[in-house]
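Structure assessment
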Amino acid sequence: MAQIIDGRAIARQLDERTTAEVDAMLAAGHPAPGLAVVLVGEDGASQVYVRRKIKACEKVGIRSMEHRLPAGTPQADLCALIKRLNNDDSVHGILVQVPLPEQIDTRAVLRSISPDKDVDGFHPVNVGRLTTGVGGIVPCTPLGIMLLIESVLPDLKGKDAVVIGKSNIVGKPVANLLLDEEATVTVAHIYTENLSDICRKADVIVAAAGAPELVRGWWVKPGAVLIDVGITRKLGEDGKETLVGDIAFNEVQHAAAVTPVPGGVGPMTIACLLSNTVKAARNLLE
Ligand code: GUN
(Lines give C-alpha, C1' and ligand atoms only; values in the text may rest on other atoms or scores of the structure.)
Protein backbone atom coordinates (compact mmCIF):
# COMPACT_ATOMS: atom_id res chain seq x y z
CA MET A 1 0.00 0.00 0.00
CA ALA A 2 1.32 3.43 -0.94
CA GLN A 3 1.86 5.83 1.92
CA ILE A 4 -0.51 8.81 1.75
CA ILE A 5 1.49 12.00 2.23
CA ASP A 6 -0.59 14.11 4.62
CA GLY A 7 -0.22 17.67 3.32
CA ARG A 8 -2.50 19.06 6.02
CA ALA A 9 -0.34 17.64 8.82
CA ILE A 10 2.93 18.79 7.22
CA ALA A 11 1.43 22.27 6.65
CA ARG A 12 0.41 22.40 10.33
CA GLN A 13 3.97 21.57 11.39
CA LEU A 14 5.29 24.37 9.14
CA ASP A 15 2.71 26.77 10.63
CA GLU A 16 3.94 25.89 14.12
CA ARG A 17 7.50 26.77 13.10
CA THR A 18 6.29 30.01 11.50
CA THR A 19 4.35 30.94 14.65
CA ALA A 20 7.48 30.32 16.75
CA GLU A 21 9.52 32.55 14.41
CA VAL A 22 6.95 35.36 14.68
CA ASP A 23 6.97 35.02 18.48
CA ALA A 24 10.77 35.22 18.50
CA MET A 25 10.68 38.40 16.40
CA LEU A 26 8.15 40.00 18.76
CA ALA A 27 10.21 38.93 21.80
CA ALA A 28 13.24 40.64 20.24
CA GLY A 29 11.26 43.90 20.06
CA HIS A 30 10.51 43.80 16.32
CA PRO A 31 7.08 44.53 14.87
CA ALA A 32 4.93 41.64 13.64
CA PRO A 33 5.58 40.73 9.99
CA GLY A 34 3.06 42.47 7.73
CA LEU A 35 1.56 41.05 4.52
CA ALA A 36 -0.35 43.27 2.07
CA VAL A 37 -2.79 41.30 -0.07
CA VAL A 38 -4.08 43.07 -3.17
CA LEU A 39 -7.23 41.87 -4.93
CA VAL A 40 -8.49 43.58 -8.08
CA GLY A 41 -12.04 42.79 -9.20
CA GLU A 42 -14.64 40.25 -8.15
CA ASP A 43 -13.30 36.88 -9.36
CA GLY A 44 -15.01 34.30 -7.13
CA ALA A 45 -12.11 31.88 -6.75
CA SER A 46 -9.67 34.73 -6.05
CA GLN A 47 -11.95 36.06 -3.31
CA VAL A 48 -11.97 32.62 -1.66
CA TYR A 49 -8.16 32.29 -1.89
CA VAL A 50 -7.58 35.80 -0.51
CA ARG A 51 -9.95 35.16 2.40
CA ARG A 52 -8.07 31.93 3.21
CA LYS A 53 -4.70 33.67 3.06
CA ILE A 54 -5.84 36.45 5.40
CA LYS A 55 -7.33 33.98 7.89
CA ALA A 56 -4.11 31.95 7.82
CA CYS A 57 -2.08 35.09 8.64
CA GLU A 58 -4.09 35.62 11.82
CA LYS A 59 -3.36 32.07 12.96
CA VAL A 60 0.43 32.55 12.96
CA GLY A 61 0.55 36.18 14.13
CA ILE A 62 1.23 37.89 10.79
CA ARG A 63 -0.51 41.28 10.39
CA SER A 64 -2.43 41.26 7.12
CA MET A 65 -3.63 44.28 5.19
CA GLU A 66 -6.22 43.71 2.49
CA HIS A 67 -6.48 46.11 -0.46
CA ARG A 68 -9.54 45.57 -2.63
CA LEU A 69 -9.74 47.52 -5.87
CA PRO A 70 -12.62 47.64 -8.38
CA ALA A 71 -12.41 45.53 -11.56
CA GLY A 72 -11.98 48.64 -13.73
CA THR A 73 -8.92 49.93 -11.84
CA PRO A 74 -6.38 51.42 -14.28
CA GLN A 75 -2.93 49.88 -14.23
CA ALA A 76 -1.38 53.17 -13.13
CA ASP A 77 -3.52 53.18 -9.96
CA LEU A 78 -2.54 49.61 -9.11
CA CYS A 79 1.15 50.40 -9.66
CA ALA A 80 0.81 53.53 -7.51
CA LEU A 81 -0.56 51.38 -4.67
CA ILE A 82 2.30 48.90 -5.06
CA LYS A 83 4.80 51.76 -4.97
CA ARG A 84 3.29 52.96 -1.67
CA LEU A 85 3.47 49.41 -0.26
CA ASN A 86 7.09 49.03 -1.47
CA ASN A 87 7.98 52.15 0.55
CA ASP A 88 5.94 51.26 3.65
CA ASP A 89 8.23 49.85 6.37
CA SER A 90 5.34 48.08 8.11
CA VAL A 91 4.76 45.97 4.97
CA HIS A 92 7.21 43.07 4.56
CA GLY A 93 5.34 41.04 1.96
CA ILE A 94 3.19 42.08 -1.02
CA LEU A 95 0.92 39.63 -2.80
CA VAL A 96 -1.11 40.65 -5.84
CA GLN A 97 -3.67 37.93 -6.49
CA VAL A 98 -3.74 36.76 -10.10
CA PRO A 99 -5.48 36.59 -12.56
CA LEU A 100 -5.78 40.36 -12.96
CA PRO A 101 -8.45 42.04 -15.13
CA GLU A 102 -7.75 42.31 -18.86
CA GLN A 103 -6.76 45.98 -18.98
CA ILE A 104 -3.83 45.27 -16.66
CA ASP A 105 -0.43 44.00 -17.81
CA THR A 106 0.21 41.30 -15.20
CA ARG A 107 3.94 41.02 -15.93
CA ALA A 108 4.45 44.76 -15.50
CA VAL A 109 2.56 44.70 -12.20
CA LEU A 110 4.54 41.76 -10.82
CA ARG A 111 7.76 43.50 -11.89
CA SER A 112 6.76 46.62 -9.96
CA ILE A 113 6.76 44.72 -6.63
CA SER A 114 10.03 45.08 -4.71
CA PRO A 115 11.85 41.72 -5.11
CA ASP A 116 12.56 41.79 -1.35
CA LYS A 117 8.80 41.90 -0.61
CA ASP A 118 7.76 39.51 -3.39
CA VAL A 119 6.46 36.67 -1.21
CA ASP A 120 5.07 34.85 -4.26
CA GLY A 121 8.55 34.65 -5.79
CA PHE A 122 7.14 35.72 -9.20
CA HIS A 123 9.46 38.74 -9.77
CA PRO A 124 12.09 38.14 -12.51
CA VAL A 125 14.84 38.88 -9.96
CA ASN A 126 13.58 36.06 -7.73
CA VAL A 127 13.13 33.78 -10.75
CA GLY A 128 16.75 34.53 -11.64
CA ARG A 129 17.91 33.85 -8.08
CA LEU A 130 16.08 30.52 -8.14
CA THR A 131 17.50 29.41 -11.49
CA THR A 132 21.04 30.32 -10.41
CA GLY A 133 20.57 28.69 -7.00
CA VAL A 134 21.47 31.77 -4.93
CA GLY A 135 18.54 31.88 -2.53
CA GLY A 136 15.83 34.51 -2.78
CA ILE A 137 12.14 33.88 -2.28
CA VAL A 138 10.92 30.56 -3.69
CA PRO A 139 7.35 30.41 -5.08
CA CYS A 140 4.94 28.92 -2.55
CA THR A 141 3.58 25.85 -4.36
CA PRO A 142 7.01 24.61 -5.57
CA LEU A 143 8.44 25.12 -2.08
CA GLY A 144 5.55 23.14 -0.60
CA ILE A 145 6.07 20.37 -3.16
CA MET A 146 9.74 20.06 -2.18
CA LEU A 147 8.82 19.79 1.52
CA LEU A 148 6.32 17.02 0.71
CA ILE A 149 8.91 15.09 -1.32
CA GLU A 150 11.55 15.51 1.38
CA SER A 151 9.13 14.16 4.00
CA VAL A 152 9.35 10.73 2.34
CA LEU A 153 12.57 10.96 0.28
CA PRO A 154 15.15 13.16 2.05
CA ASP A 155 17.99 12.48 -0.41
CA LEU A 156 17.21 13.20 -4.06
CA LYS A 157 20.78 12.97 -5.29
CA GLY A 158 20.89 11.03 -8.57
CA LYS A 159 17.17 10.23 -8.48
CA ASP A 160 15.19 10.32 -11.69
CA ALA A 161 12.50 13.03 -11.41
CA VAL A 162 9.85 13.83 -14.00
CA VAL A 163 7.89 17.09 -13.81
CA ILE A 164 4.77 17.13 -15.99
CA GLY A 165 3.88 20.77 -16.65
CA LYS A 166 6.00 23.73 -17.67
CA SER A 167 4.22 26.68 -16.04
CA ASN A 168 6.15 29.57 -14.56
CA ILE A 169 4.29 29.11 -11.25
CA VAL A 170 4.85 25.36 -10.75
CA GLY A 171 6.62 23.28 -13.43
CA LYS A 172 9.69 25.40 -14.16
CA PRO A 173 10.50 26.36 -10.54
CA VAL A 174 9.97 22.78 -9.29
CA ALA A 175 12.35 21.51 -11.98
CA ASN A 176 15.00 24.00 -10.79
CA LEU A 177 14.53 23.05 -7.13
CA LEU A 178 14.87 19.35 -7.97
CA LEU A 179 18.04 20.11 -9.95
CA ASP A 180 19.43 21.97 -6.91
CA GLU A 181 18.99 18.69 -4.99
CA GLU A 182 21.02 16.87 -7.66
CA ALA A 183 18.10 14.94 -9.09
CA THR A 184 18.14 14.10 -12.81
CA VAL A 185 15.19 16.11 -14.08
CA THR A 186 12.97 15.71 -17.12
CA VAL A 187 10.42 18.45 -17.75
CA ALA A 188 7.53 17.04 -19.75
CA HIS A 189 4.12 18.42 -20.68
CA ILE A 190 0.94 17.37 -22.41
CA TYR A 191 2.60 17.47 -25.85
CA THR A 192 5.51 15.26 -24.77
CA GLU A 193 5.71 12.11 -26.87
CA ASN A 194 6.04 8.78 -25.06
CA LEU A 195 5.12 10.41 -21.74
CA SER A 196 4.19 7.03 -20.24
CA ASP A 197 7.66 5.61 -21.08
CA ILE A 198 9.35 8.63 -19.50
CA CYS A 199 7.26 8.31 -16.34
CA ARG A 200 7.89 4.57 -15.99
CA LYS A 201 11.56 5.24 -15.25
CA ALA A 202 10.90 7.95 -12.67
CA ASP A 203 11.66 7.75 -8.95
CA VAL A 204 9.64 10.95 -8.45
CA ILE A 205 6.75 12.27 -10.53
CA VAL A 206 5.36 15.78 -10.02
CA ALA A 207 2.14 15.99 -12.02
CA ALA A 208 1.14 19.59 -12.69
CA ALA A 209 -0.44 19.51 -16.13
CA GLY A 210 -4.02 20.28 -15.11
CA ALA A 211 -5.14 17.12 -16.95
CA PRO A 212 -7.39 14.96 -14.74
CA GLU A 213 -6.07 11.42 -14.10
CA LEU A 214 -3.43 11.77 -16.83
CA VAL A 215 -0.92 9.56 -14.99
CA ARG A 216 -2.20 5.97 -14.99
CA GLY A 217 -1.12 3.20 -12.66
CA TRP A 218 0.88 1.38 -15.35
CA TRP A 219 2.97 4.56 -15.92
CA VAL A 220 4.29 4.35 -12.36
CA LYS A 221 7.35 2.37 -11.28
CA PRO A 222 6.90 0.36 -8.04
CA GLY A 223 8.29 2.42 -5.16
CA ALA A 224 8.00 5.83 -6.89
CA VAL A 225 7.04 9.02 -5.02
CA LEU A 226 4.07 10.83 -6.57
CA ILE A 227 3.12 14.46 -6.08
CA ASP A 228 -0.23 15.49 -7.52
CA VAL A 229 -0.65 19.23 -8.15
CA GLY A 230 -3.77 18.90 -10.32
CA ILE A 231 -7.22 19.68 -8.98
CA THR A 232 -10.22 19.38 -11.28
CA ARG A 233 -13.92 19.14 -10.44
CA LYS A 234 -15.55 15.98 -11.75
CA LEU A 235 -19.22 15.06 -11.78
CA GLY A 236 -19.69 11.43 -10.66
CA GLU A 237 -22.37 9.03 -11.98
CA ASP A 238 -24.36 9.72 -8.80
CA GLY A 239 -24.44 13.43 -9.70
CA LYS A 240 -22.06 14.29 -6.86
CA GLU A 241 -19.07 16.51 -7.52
CA THR A 242 -15.63 15.22 -6.57
CA LEU A 243 -12.14 16.65 -6.95
CA VAL A 244 -9.63 14.66 -8.97
CA GLY A 245 -5.94 15.21 -9.49
CA ASP A 246 -3.61 14.59 -12.44
CA ILE A 247 -2.82 11.10 -11.09
CA ALA A 248 -5.26 8.16 -11.16
CA PHE A 249 -5.09 7.81 -7.37
CA ASN A 250 -6.85 4.42 -7.19
CA GLU A 251 -4.34 2.83 -9.60
CA VAL A 252 -1.09 3.69 -7.80
CA GLN A 253 -1.08 1.44 -4.75
CA HIS A 254 2.34 0.11 -5.82
CA ALA A 255 3.92 3.58 -5.41
CA ALA A 256 5.95 4.27 -2.25
CA ALA A 257 3.99 7.43 -1.49
CA VAL A 258 1.37 9.67 -3.07
CA THR A 259 -0.29 12.98 -2.20
CA PRO A 260 -4.09 12.97 -2.00
CA VAL A 261 -6.35 15.52 -3.73
CA PRO A 262 -7.49 17.45 -1.78
CA GLY A 263 -5.25 17.50 1.30
CA GLY A 264 -1.85 17.16 -0.40
CA VAL A 265 -0.17 20.07 -2.17
CA GLY A 266 -3.01 22.58 -1.59
CA PRO A 267 -2.54 23.12 2.19
CA MET A 268 1.22 23.55 1.71
CA THR A 269 0.86 26.59 -0.56
CA ILE A 270 -0.60 28.88 2.10
CA ALA A 271 1.75 27.56 4.80
CA CYS A 272 4.69 28.41 2.52
CA LEU A 273 3.27 31.89 1.86
CA LEU A 274 3.28 32.55 5.62
CA SER A 275 6.78 31.16 5.93
CA ASN A 276 7.96 33.33 2.99
CA THR A 277 6.43 36.42 4.63
CA VAL A 278 8.37 35.84 7.84
CA LYS A 279 11.53 35.18 5.80
CA ALA A 280 11.03 38.47 3.90
CA ALA A 281 10.44 40.34 7.18
CA ARG A 282 13.63 38.89 8.69
CA ASN A 283 15.67 39.72 5.59
CA LEU A 284 14.38 43.31 5.61
CA LEU A 285 15.52 43.68 9.23
CA GLU A 286 19.09 42.78 8.36
N1 GUN B 1 -3.61 32.87 -8.00
C2 GUN B 1 -3.59 31.51 -7.93
N3 GUN B 1 -2.52 31.09 -7.21
C4 GUN B 1 -1.85 32.20 -6.84
C5 GUN B 1 -0.68 32.41 -6.07
O6 GUN B 1 0.00 31.49 -5.60
N7 GUN B 1 -0.32 33.71 -5.87
C8 GUN B 1 -1.03 34.75 -6.39
N9 GUN B 1 -0.59 35.98 -6.18
N10 GUN B 1 -2.13 34.58 -7.11
C11 GUN B 1 -2.54 33.32 -7.32
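Residues numbered from 1 in each chain as written. Predicted model: local features only at pLDDT ≥ 70, side-chain atom pairs only at ≥ 80, totals over all residues.

The chain carries the name Bifunctional protein FolD in an unreviewed UniProt entry, which gives Aurantiacibacter arachoides as its organism. For the chain, the Sequence similarities (unreviewed entry) comment in UniProt is given as "Belongs to the tetrahydrofolate dehydrogenase/cyclohydrolase family." Heading Function (unreviewed entry) of the UniProt record for the chain holds this comment: "Catalyzes the oxidation of 5,10-methylenetetrahydrofolate to 5,10-methenyltetrahydrofolate and then the hydrolysis of 5,10-methenyltetrahydrofolate to 10-formyltetrahydrofolate." (UniProt positions renumbered as here; feature names shortened; annotations may be inferred.)

Side note on the site of the ligand
Around the ligand, a shell composed of L95, V96, Q97, V98, D120 and C140 is seen. Its residues assigned to classes, the shell around the ligand comprises four nonpolar, one polar and one charged. (Near = placed C-beta within 6 Å. Nonpolar A, V, L, I, M, F, W, Y, C, P; charged D, E, K, R; others polar.)

Description of the pairing of strand β9 (residues 232–235)
In this structure, β9 lies alongside strand β10 (residues 241–244), joined through four bridges in antiparallel fashion. Bridge pairing in β10 links K234 to T242. Hairpin connection from β9 to β10: five residues lie between these consecutive antiparallel strands, with G239 at a positive phi of about 85 degrees. (Pairing = 2+ DSSP bridges. Helix = DSSP H or I, 4+ residues; strand = E, 2+ residues; numbered from the N terminus.)

Things to note about the sheet that holds strand β3 (residues 63–69)
Strand order in this open sheet of three strands is β3-β2-β4, and the pairing throughout is parallel. Where the open sheet ends on each side, the last strands, each with one partner, are β3 and β4 (93–96). Across this sheet, the average inter-strand angle for adjacent strands is 15 degrees, counted without regard to direction. As paired elements, strand β2 (residues 34–40) and β4 share four bridges and run parallel to each other. Directly across from V37, in β4, lies its bridge partner L95. (Axes fitted to C-alpha atoms, helices over the stretch in contact; angles between N-to-C directions.)

Comments concerning the domain arrangement of the chain
Many authors give the size of an interface as the accessible area that is lost as the parts come together. In terms of domains, the chain is made up of domain 1 (30–114) and domain 2 (140–266). Relative to domain 2, the C-alpha centre of domain 1 lies at a distance of 30 Å. (Domains from an automatic or database assignment.)

Comments concerning the confidence of the model for the chain
Mean pLDDT over the chain works out to 97, with 100% of the residues at or above the 70 mark. With pTM at 0.96, the complex prediction returns an ipTM value of 0.94. (pLDDT = per-residue confidence, 0-100.)

Comments concerning the packing of helix α1 (residues 7–27) against helix α9 (residues 265–285)
Two elements in contact, α1 and α9, have axes whose closest approach is 8 Å; the angle formed by their N-to-C orientations is 15 degrees. The angle between α1 and α9 places the two elements in the roughly parallel class. Between α1 and α9 lies a crossing of left-handed hand. Contacts between α1 and α9 involve G7, R8, I10, A11, L14, D15, T18, E21, V22 and M25 from the former and V265, G266, P267, M268, A271, L274, S275, V278 and A281 from the latter. Looking at side-chain class alone, the contact of α1 with α9 contains twelve nonpolar, four polar and three charged residues. (Parallel < 35°, antiparallel > 145°, perpendicular 65-115°, else oblique. Left-handed = near helix turned anticlockwise from the far one by under 90°. Contact = placed C-beta atoms within 7 Å.)

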